[in-house]
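Each chain, letter by letter, is given below.
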Amino acid sequence: MPLLVMKFGGTSVATLDRIRRAAKRVGREVAAGYDVIVIVSAMSGETNKLVGFVEETSQLYDAREYDAVVSSGEQVTAGLMALTLQEMDVPARSWQGWQVPLKTTNAHAAARIEEIPTDNIMAKFSEGMKVAVVAGFQGIGPDGRITTLGRGGSDTTAVAFAAAFEAERCDIYTDVDGVYTTDPRITGKARKLEKIAFEEMLELASLGAKVLQTRSVELAMRYNVRLRVLSSFEEQSDEAGTLICAEEDIVESKAVNGVAASREEAKMTLISVADRPGIAAAIFGPLSEAGVNVDMIVQNISEEGRTDMTFSCPINQVARAEKALNDIKEKGGLNFREIVADTDVAKISVVGIGMRSQSGVAAKMFKTLSDEGINIKVIATSEIKISVLVDRKYTELAVQALHDAFELEKA
Ligand code: ADP
Ligand code: ASP
Ligand code: MG
């Protein structure tokens, strides 16, 4: 039997009625002759609520217990989806991550998938089951405990299943009808893309376009999964949505194809550190050991042998970063005057594979922001992206101005 993976995000399973609508869509694929693996997220808002409970209970929480709590949202929707399908006379049952078992690394709250055995679910398909409903976002670690894959991780569950089961397609159903040139919530001028290259999607995702989790795009690229993003709210044809595909399948590319914004960044500055060989290692080694994901780094000009070191990290890792740096200072491994955390910033990025061959993108970006009176605090570039940190209050303005400047509303 041909096999499909269909993933329904939080808003697509937010109520029993929405679950019924999603189940009907699954039923249609079963009627068309497919075996289906359905990956579900928690009902929308549920994971945020659970994360809130954990953070209120313990600021520097034990990630194993965080996983025990936050994985529960998907357990509920998997069971409800299976029940809904059964009510429609579609043979279905649910699987929690550990029942598959979806094996992951031990990195609780940010685990990576290591293995998905297919025998268990395939055996049920051969007995006549038509739909396997799998709780997204969760797995089991080598310690035998529940793990989660990081926020948005159900996308990654879906792509990993599509790869493991060699599915014909992996369809990601969400609350927008595809991938846009920027978050359609920020500007009505955002344009839906018919296709986007894996590399561009990878950058957009990692720079804040949460429509797909970064890791899911990485996996799709590596295993050549036919990955599509489409709306669970509208009736759509087989060609609908956005196809994430290889660069060769895109005929022509503009210098910039998308703008991403992330409000979940913080800028941290270590004031007055000794400017000596090994100083960067003394700072970023302990941060990495503490599980802080450092992104941009800037070292200021040094004066009298001392300098300021600035870096960005996710806003929810600020406390962790401060603790790691203060600990190492106490042990004598690092000397600085103070740490200043600016949690009122946003990262704005422009992305495009065309940047490799077209120049002037950075100049245009900086001029556009300057014309709007937006001050740039930190800059980072790669072959196909330019990112800046700005005051968070300018997020919308910066995205809209850049979207206009690079004429992204035009195909
Ligand atoms: P789900 O719950 O289905 O996983 P998410 O909220 O994780 O959905 O992702 C969908 C959201 O991603 C959209 O509602 C949209 O606001 C946001 N988004 C950000 N950037 C983009 C983009 N470039 N294209 C489409 N959606 C985007
Ligand atoms: N429910 C999880 C989250 O909100 C996983 C997901 O929806 O992809 O992050
Ligand atoms: Mg998501």
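Residues numbered from 1 in each chain as written. Chains lettered and ligands numbered in written order. Predicted model: local features only at pLDDT ≥ 70, side-chain atom pairs only at ≥ 80, totals over all residues. Heavy atoms only, no water.

Asks: Quick question: what am I supposed to make of the layout of surface pockets here?
Replies: A water-sized probe, rolled over the atoms, reveals where empty space remains. Of the pockets and cavities examined, the second largest pocket occupies roughly 390 Å³. Looking at the second largest pocket, it is lined by 15 residues, and the ones nearest its centre are Arg 191, Leu 193, Lys 195, Ile 250 and Glu 252. Each residue belonging to the lining of the second largest pocket can be placed in one class, and the counts come to five nonpolar, two polar and eight charged. (1 Å grid on protein atoms, 1.4 Å probe; cavity = no way out; pocket = protein on both sides within 12 Å on 5 of 7 lines; lining within 4 Å. Points joined across faces, edges and corners; volume = space filled by probe spheres on them. Nonpolar A, V, L, I, M, F, W, Y, C, P; charged D, E, K, R; others polar.)

Asks: Explain the packing of helix α11 (residues 361-371) against helix α12 (residues 395-405) to me, please; I cannot follow it from the model alone.
Replies: Relative orientation of the contacting elements α11 and α12 amounts to 130°, with a least axis distance of 10 Å. With respect to their mutual orientation, α11 and α12 come out oblique. The handedness of the crossing between α11 and α12 is right-handed. Contacts between α11 and α12 pair Lys 364, Met 365, Thr 368 and Leu 369 from the former with Ala 398, Ala 401, Leu 402 and Ala 405 from the latter. Taken together, the residues of the contact of α11 with α12 break down into six nonpolar, one polar and one charged. (Axes fitted to C-alpha atoms, helices over the stretch in contact; angles between N-to-C directions. Helix = DSSP H or I, 4+ residues; strand = E, 2+ residues; numbered from the N terminus. Parallel < 35°, antiparallel > 145°, perpendicular 65-115°, else oblique. Left-handed = near helix turned anticlockwise from the far one by under 90°. Contact = heavy atoms within 4.5 Å.)

Asks: Can you walk me through the site of ligand 2 in this structure?
Replies: Lining the immediate surroundings of ligand 2 are Ser 41, Ala 42, Thr 47, Glu 74, Phe 137, Arg 151, Gly 152, Gly 153 and Ser 154. Here Arg 151 contributes a side-chain N or O atom positioned 2.6 Å from an oxygen atom of ligand 2. Taken by itself ligand 2 offers 260 Å² of open surface, and the protein chains cover 86% of this. Here the residues of the shell around ligand 2 sort into two nonpolar, five polar and two charged. (Near = heavy atom within 4 Å. Polar contact = N/O pair within 3.5 Å; in protein donor to acceptor, adjacent residues only side chain to side chain. Areas by Shrake-Rupley, 256 points an atom, 1.4 Å probe, with all protein chains shown as cover.)

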